[in-house]
Amino acid sequence: MFQKVLIANRGEIAVRIIRACKQMGIETVAIYSNADKDSLHVQIADESVCVGGEKSAESYLNMENIITAAISKGVEAIHPGFGFLSENSNFSNLCAECGIRFIGPSGNVIDKMGNKSKAREIMIEAGVPVVPGSNGALSSIDDARNLAVKIGFPVLIKASAGGGGRGMRVAYNIDEFNNAYETAKSEAVNAFGDGTMYLEKYIINPKHIEFQILADKYGNVIHLGERDCSIQRRNQKVIEEAPSLIDKELRDKMGEIAILASKTVNYENAGTIEFLVSGKDFYFIEMNTRIQVEHPVTEMITGIDIVKEQIKIAAGKELSIKQEDVVINGHSIECRINAEDPKFDFRPSPGKVGLLHVPSGHGIRFDSFIYTGYQIPPFYDSMLGKVIVHADNRAEAILKMRATLEELVIDGVKTNQDFCYMILNHSDYIKGSFDTGFIVKAIDNLLGYDQYE
Ligand code: ADP
């Protein structure tokens, strides 16, 4: 096992990874930007190195400084967490060149699955069902429009390098096409420095269901069941749960396809195969070649620590869990708590954390990095943490999440906590009758505006 690991991230995921390392007897090195010197991940790591300025490009995306820190501290491996460099094949390759283990797949695999249009091509070849659309990347706007007419509107124009719901636009008809294409492309160029685009049929109100994969270097691949991440705002997840409400037949079929998809690219480490589900039909949309924000719901229902598994896999250990050992137990829900103001179009609300009261108890988990008096820097993601509950069944998990949100106090900044609470009380959510269109449909009700009509 590794003696020392560097965590190339910040926020709650850095804290989550440092905790896992400590529990495995591994020493930890945190990195931080000028804006993060008081951050919790710096305080709980054994050692820490400042790698640059407050802008991500100067610090958390600064490969050279991070590698230099890793070498000078004598670490054997780097955990990239999510976001930042986690899906950067150059970084994975650079680690390998410097004799440092990247806790994730090789650059070659990231290249195949991290590029969404390339992944589509590979999946089509392997017989994995994908949303009808372009074979790979689009060559020009004219070809794209012709293809859209052939597939039929509405269509979704997506960035190959896209992530976090950015770089995609719907065109409902041909008149909207050029504008949607140009807007999506320029957003992709700005956000990812890559304007390669591809096209998919726009599925109306599907469910987003994804499978958690673990794969070792010896070709063993298992899945840990699925998560329903349909509660989204602007294509970004807000509430996730596991298991989903699909039946066993569909679960088994999708699980098999998820394993096939992973094996096709000789995947190694933890990864997620994302699908859209419409009735009995399901379509691959992308693979995330890293740990995901919502991984705790899977941990709660399987009892498997996914971050520890990632570290063991990277250290060359064979998976100790077989598919038949994976037993789903009860139900888990996660709410992402963001520093944002729902009443003002969810605008970011950084500030200083005042009184903080974190609920606890059986089957309740708060993965976060905030503490009383902590000044939240305005430069990074607005997620403050995740509330996760686990209960015997979905109805009890909903009650537990409501009770937990009722008790949680984060003073000093505006958050979406009440917004999540309203979702947990919405009759369609409770019935399980929801899809990716849920928040758009229910928004007035969720914000409490319809009470005044
Ligand atoms: P990102 O990598 O930016 O998260 P994804 O491809 O994973 O993008 O899609 C994010 C979300 O966008 C999906 O969960 C779904 O709600 C919506 N979406 C993506 N592709 C389609 C599609 N073809 N039809 C309908 N909705 C889609």
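Heads up: the structure comes first, above all this text.
Residues numbered from 1 in each chain as written. Predicted model: local features only at pLDDT ≥ 70, side-chain atom pairs only at ≥ 80, totals over all residues. Heavy atoms only, no water.

**Concerning the site of the ligand**
Phase 1: Taken together, 22 residues form the shell around the ligand, and within it Gly165, Glu200, His208, Gln232 and Glu286 come nearest.
Phase 2: Between Lys201 and the ligand, the recorded distance is 2.9 Å, taken from a backbone N or O atom to a nitrogen atom.
Phase 3: Starting from 550 Å² of accessible surface for the ligand in isolation, the protein chains cover 95%.
Phase 4: Examining the composition of the shell around the ligand, we find that four residues originate from one element, strand 6 (residues 155–163), more than from any other.
Phase 5: When residues of the shell around the ligand are assigned to domains, at least three map to each of domain 2 (132–201) and domain 3 (207–452). (Near = heavy atom within 4 Å. Polar contact = N/O pair within 3.5 Å; in protein donor to acceptor, adjacent residues only side chain to side chain. Areas by Shrake-Rupley, 256 points an atom, 1.4 Å probe, with all protein chains shown as cover. Helix = DSSP H or I, 4+ residues; strand = E, 2+ residues; numbered from the N terminus. Domains from an automatic or database assignment.)

**Considering the nonpolar core**
Phase 1: Ile231, Ile239, Ile333, Ile410, Ile423, Tyr429 and Phe438 are the most contacted members of the largest nonpolar core, which has 39 residues in total.
Phase 2: Of all the elements in the fold, those that place two or more residues in this core are strand 11 (236–242), strand 14 (331–338), strand 19 (383–391), helix 12 (394–407), helix 13 (417–424) and helix 15 (438–447).
Phase 3: Not counting residues up to four positions away in its chain, the partners in contact with Ile239 are Asp228, Cys229, Ile231, Ile333, Glu334, Cys335, Cys420, Ile423, Leu424 and Tyr429.
Phase 4: Counting residues in each nonpolar core, the second largest holds 31 residues, with Ile103, Ile222, Val293 and Ile311 among its members. (Core = buried A, V, L, I, M, F, W, Y, C linked by side-chain atoms within 4.5 Å. Buried < 20%, exposed > 50% of the residue type's maximum accessible area, 1.4 Å probe, protein only. Contact = heavy atoms within 4.5 Å.)

**Examining the environment of Asp418**
Phase 1: With respect to the secondary-structure elements, Asp418 resides in helix 13.
Phase 2: Assessed through its relative accessible area of 57%, Asp418 is described here as exposed.
Phase 3: Separated by 13 residues in the primary sequence, Asp418 and Leu405 place their C-alpha atoms 7.8 Å from one another.

**A closer look at the sheet that holds strand 12 (residues 269–278)**
Adjacent strands of a sheet form backbone hydrogen bonds with each other and so pair up, either parallel or antiparallel.
Phase 1: Spatially, 13-12-9-10-11-14-19-18 is the arrangement adopted by the eight strands of the open sheet, whose pairing is antiparallel. Only two strands of the sheet have a single partner each, and these edge strands are strand 13 (281–288) and strand 18 (364–368). Taking the axes of each pair of neighbouring strands and ignoring which way they run, one obtains an average angle of 25° across the sheet.
Phase 2: Looking at chain direction, strand 12 and strand 13 are connected through seven bridges and run antiparallel. From the neighbouring strand, Val277 faces strand 13, where its bridge partner is Phe282.
Phase 3: Where helix 13 meets the sheet, its contacts fall on strand 10 (221–233), strand 11 and strand 14, and the angle it forms with strand 14 comes to roughly 150°. (Pairing = 2+ DSSP bridges. Axes fitted to C-alpha atoms, helices over the stretch in contact; angles between N-to-C directions.)

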